[in-house]
Amino acid sequence: MTGAVRRPGPGRWAGAGHDDAWLAEVARGASADAGGVPVELLGDYLPLLAEAAVTGRRPRRGELDAVGALGRRAAEQGVSAGRAVQLYLSAARRLWQQSPQLARATDSEVVRAAAEAVLHVVDAAVATLAEGFAVARRELVRREEALRRELVDDLLRGDSDLGGLVERAEPFGLDLARVHQVALAAPRRRLPDTDAAISALEAVIFDRLGDRDVLVATKEGLLVVIAPADSVAADRAVGGAPVADLGRLMHAELDRLPRGRPWQVAVGRPHPGLYGIARSYEEAREALTMAQRLHADTAVVDAHDLLIYRVLLRDQPAMVDLVRAVLSPLSRSRGGAEPLLDTLDAYFATGGVSTEAARRLHVSVRTVTYRLARVRSLTGHDPTDPGDRFTLQAAVFGARALDWPAQPLPGPAS
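As a convention, each chain's residues are numbered from 1 in the sequence order in which they are written. The model is predicted, so local features are restricted to residues of pLDDT at least 70 and side-chain atom pairs to those at 80 or more, both for listing and for counting; the totals for chains, interfaces and linings are taken over all residues. To get the side-chain values, all heavy atoms of the structure are used, and hydrogens and water are removed first.

Just checking my understanding: could you explain the confidence of the model for the protein for this structure?
Caution applies to low-pLDDT regions: their predicted coordinates should not be interpreted in detail. Confidence of the predictor at the level of single residues is given by pLDDT, which spans 0 to 100. Mean pLDDT over the protein: 83, with 88% of residues reaching 70 or higher. Confidence scores differ between elements of the protein, with strand β4 (residues 237-238) showing the lowest mean pLDDT of 40 and helix α15 (residues 365-379) the highest of 95. Predicted confidence is poor over residues 1-18, with pLDDT under 50, and the contacts of this stretch with residues over four places away or in other chains come to 48 contacts. Think of it this way: any DSSP run of H or I at least four residues long counts as a helix, any run of E at least two long counts as a strand, and we number them from the N terminus. By definition, residues are in contact when any of their heavy atoms lie within 4.5 Å.

Shown next as structure tokens:
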């Protein structure tokens, strides 16, 4: 440490040396003020302040770099930026109040010069500390994001080592023994930046469900949420509320965003354990794909509601045969099969009420009646007859699931 700086007037200080004991006391007090932040994060900051108060020396680049390294260490130790800054400001305040040299100073010019020098050190040190903290936080976030994406990928795939996944899931607060469900959100078009959507979902879901046992990530252009579900929700409801509540919660928040609308959310059913997460994900993905094939504009799709399609498509060759045998004659209609399929779809969806079907299709009731008659003449199946209705409706389900007539039926040409 340098010697005394000679200043005008009787208030000249005796020397620049400082007693480590009182600096240690200042450090302990500042640590307590900041909620117990480790005193080691101060490094050589207090000697820098003490020397600046006596000699007016400004910190060197290497000394500030050391402070930046302490900021990075604070971030890595989980100390908040506010607490770290509070530690440094409290240390400066306490040093100014307890400095023996300042206590003996009587020259106001000397005190002002000391204050200016100390404030310069505080300003430079706090700015460097915050910069180091921010750099470390960005690195930690990137590293955590990469680990989270890898964890989500392995959870959704369902074929990874259970012991390894349990260990990797623990830092994220995920208890793989619980019952979980997976929800997928698809934007209207691919988002250039998903950070805003992820942040919005995390805010509302963490507020509602807590930040434990919830993961929000992206996969193949979709937003993925893995969330806990009550174990009694393995059927249809949780406390009387549909299990798709997670989907409605997600959709309501995503719909507030300026980009991505209209969003469509698909929710898988709750299942227990590690493999239950992969199963719920497959259900949500199938539900989303099926809703898109059916051109359904439903905002929230519950995988439970589409179980009939999974049953029908389990024997795809039989479904192809049904569609070909029952509906392929519709292709001979002058407008093609699509208008007649749309009419059957709307007619069955409204419980066989022609007026409501006409309203949904934005056509007249007479047009609906004509098209139903055309279906009867082409296929030999009467949509208004209870005996024929099941066959026609199952065939329409199959056609939508197979994306016919937009796509040719598998196997022999239709």
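Don't stop here, the text continues.
Would you explain the packing of helix α13 (residues 337-349) against α15 in this entry?
Axes are the key here: two packed helices are described by the angle between their axes and the distance separating the axes. Where α13 meets α15, the closest approach of the two axes is 10 Å, and the angle between their N-to-C directions is 110 degrees. As judged from the angle between their axes, α13 and α15 are roughly perpendicular. Between α13 and α15, the residues in contact are Pro339, Leu340, Thr343, Leu344 and Tyr347 and Val368, Arg371, Leu372, Arg374, Val375 and Leu378, respectively. Classifying every residue of the contact of α13 with α15 gives 8 nonpolar, 1 polar and 2 charged. Only the stretch in contact is used when fitting a helix axis, every axis being a line fitted to C-alpha atoms; angles between N-to-C directions are given from 0 to 180 degrees. Throughout, the term roughly parallel applies to angles under 35 degrees, roughly antiparallel to angles over 145, roughly perpendicular to angles from 65 to 115, and oblique to all others. Residues were grouped as follows: Ala, Val, Leu, Ile, Met, Phe, Trp, Tyr, Cys and Pro as nonpolar; Asp, Glu, Lys and Arg as charged; and all remaining residues, including Gly, as polar.

Mind showing me how you'd approach the pattern of salt bridges here?
Pairing is possible between side chains that carry opposite charge, provided their charged atoms lie close to one another. Each salt bridge in this description consists of a side-chain nitrogen of Lys or Arg and a carboxyl oxygen of Asp or Glu lying within 4 Å of one another. On inspection of all chains with the given rule, the structure shows 23 salt bridges. Ionic pairing is found between Arg279 and Glu283, a salt bridge with its closest N-O pair at 3.9 Å. Within this pair, Arg279 and its partner Glu283 are both found in helix α10 (residues 273-293), separated by 4 residues, close to a single helical turn. Only protein chains enter the area calculation, which uses a 1.4 Å probe; residues under 20% of their type maximum are buried, those over 50% are exposed, and those in between are partly exposed. The partly exposed category is assigned to Arg279, whose relative accessible area is 48%. When its relative accessible area of 3% is taken as the criterion, Glu283 is described as buried. Of the charged contacts in the structure, one is a salt bridge between Arg400 and Asp342, with a shortest N-O distance of 2.5 Å.

Explanation requested: the pairing of strand β1 (residues 179-186) in the structure shown.
It is a general feature of regular strands that their side chains alternate between the two faces of the sheet. Of all 8 residues in β1, 8 are buried; the element is thus mostly enclosed. Burial along β1 is two-sided: the face carrying Val179, Gln181, Ala183 and Ala185 and the face carrying His180, Val182, Leu184 and Ala186 are both buried. As defined by bridge partners, β1 adjoins strand β3 (residues 222-228) across 6 bridges and the pair is classed as antiparallel. Within β3, the residue paired with Ala185 across the bridge is Leu223. Between any two strands, pairing holds if DSSP finds at least two bridges.

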